[in-house]
Amino acid sequence: MKRAAALLALLPQVAHAEDRVDPAAERAAEANLESQARRRGIRVQFAVGGAMTFGRGYDETIEQGVGTSLRLGSVATERLVFTIEASNFTLLHRPAAMDGASKTHKNLVNNVLVGAQYYVNPALWVRGAVGANSYIGERVVRGDGTVGDLRTAGVAAGFGLGLDVLRLRRNILLGFEVLSTLGFSREGQISSSSFMLDVSID
């Protein structure tokens, strides 16, 4: 009888011990869980498309070419991604008639920008960034009215608007975006815009 009473007294303690969760086992189980967030960790985006540029103070012609952008992002929240970006606009033009040359030359507009990308909804996003700008022009009309090569450097700002359209896998997205940058230097300003197809990898 005494043994039965002792066993009955131990039963609540055994049940309580079984209810306890081993912290190490709990951490191990959580480590194996896969995040369901749409965006997480580091994001890489590459975009390419048609571009055009226009200068004020120098190279005041509308030129067309190709724009590219490579962007690295660090996901802060489900909606906010901090970014660093390198973009290039390669534009083609023929020198002014006064130059007497007909060969097609190219101009390069390069930007390195730091900013943020914000998702208005799961597919639509906007972004802004600031940074440095460089311009290399071949046989362009310079600020003093002469024709020749020109190199400038200054600061830049960028603005983008995009839409994620198709998810190929869990971590690969295809979409479209518009990128516009404005560079400032002692020579003047250069404005570049591009409509791009982009690929994002989370």
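Residues numbered from 1 in each chain as written. Predicted model: local features only at pLDDT ≥ 70, side-chain atom pairs only at ≥ 80, totals over all residues. Heavy atoms only, no water.

Chemist: Give a detailed account of the overall build of the chain, specifying residues and quantitative values.
Modeler: A count of helical and extended segments in the chain gives two helices and eight strands. Residue burial in the chain is summarised as follows: out of 202 residues, 32% are buried. Across the chain, the fraction of contacts at a sequence separation of at least 24, relative to all contacts at a separation of at least 6, is 56%. Only carbon and sulfur atoms are counted for the fraction: they give 64% of the accessible area of the chain, which is about 12000 Å². (Helix = DSSP H or I, 4+ residues; strand = E, 2+ residues; numbered from the N terminus. Buried < 20%, exposed > 50% of the residue type's maximum accessible area, 1.4 Å probe, protein only. Contact = heavy atoms within 4.5 Å. Areas by Shrake-Rupley, 256 points an atom, 1.4 Å probe, with all protein chains shown as cover.)

Chemist: Give a detailed account of the side chain of Ser 194, specifying residues and quantitative values.
Modeler: By the secondary structure assignment, Ser 194 is in strand 8 (residues 189-201). In contact with Ser 194, not counting residues within four places along its chain, are Gly 49, Gly 50, Ala 51, Gly 67, Phe 89, Glu 177, Val 178 and Leu 179.

Chemist: Could you give an account of the sheet that holds strand 8, with specific residues and numbers?
Modeler: A barrel is described by the order of its strands in space; here eight strands give the closed sequence 1-2-3-4-5-6-7-8, paired in antiparallel fashion. Each strand axis lies, on average, 20 degrees off the axis of its neighbour in the sheet, ignoring direction. (Pairing = 2+ DSSP bridges. Axes fitted to C-alpha atoms, helices over the stretch in contact; angles between N-to-C directions.)

Chemist: Tell me what's going on with the pairing of strand 3 (residues 80-93), and back it up with residues and numbers.
Modeler: As paired strands, strand 2 (residues 63-75) and strand 3 are joined by twelve bridges and run antiparallel to one another. By the bridge assignment, Val 66 is partnered in strand 3 with Thr 90. Between strand 2 and strand 3, which pair antiparallel one after the other, the connecting turn spans four residues. Direction of pairing for strand 3 relative to strand 4 (residues 105-119): antiparallel, over a ladder of 14 bridges. Its bridge partner being in strand 4, Thr 83 is matched across the sheet by Gly 115.

Chemist: Describe the pairing of strand 4, listing the residues and the values that go with them.
Modeler: The pairing of strand 4 with strand 5 (residues 124-141) spans 13 bridges and is classified as antiparallel. Each residue of the ladder has a partner; that of Tyr 118, found in strand 5, is Val 126. Hairpin geometry of strand 4 and strand 5 is characterised by an intervening segment of four residues between the two adjacent antiparallel strands.

Chemist: Outline a nonpolar patch on the surface, listing residues and values.
Modeler: A contiguous nonpolar surface patch, about 870 Å² in accessible area, is contributed by Ile 42, Val 44, Phe 46, Val 48, Val 66, Leu 70, Leu 72, Ile 84, Val 114, Val 199 and Ile 201. For the nonpolar patch, the elements supplying multiple residues, two or more each, are strand 1 (42-56), strand 2 and strand 8. Tracing the chain through its elements places Val 48 in strand 1. On the accessibility criterion, Val 48 (36% relative accessible area) is partly exposed. (Patch = residues over 30% accessible without salt bridge, like charges linked within 9 Å, V, L, I, M, F, W, Y side chains within 5 Å. Salt bridge = Lys/Arg side-chain N within 4 Å of Asp/Glu carboxyl O.)

Chemist: Explain the pattern of salt bridges residue by residue, including any values.
Modeler: Applying the stated criterion to the full structure yields five salt bridges. Its salt-bridge partner being Arg 43, residue Asp 202 comes within 2.7 Å of it at the nearest N-O pair. Within this pair, whereas Asp 202 is found in the segment after strand 8, its partner Arg 43 is found in strand 1, the two being separated by 159 residues in sequence. With respect to class, Asp 202 is no different from Arg 43; both count as buried. Residue Arg 71 pairs with Glu 177 through a salt bridge whose shortest N-O separation is 3.2 Å.

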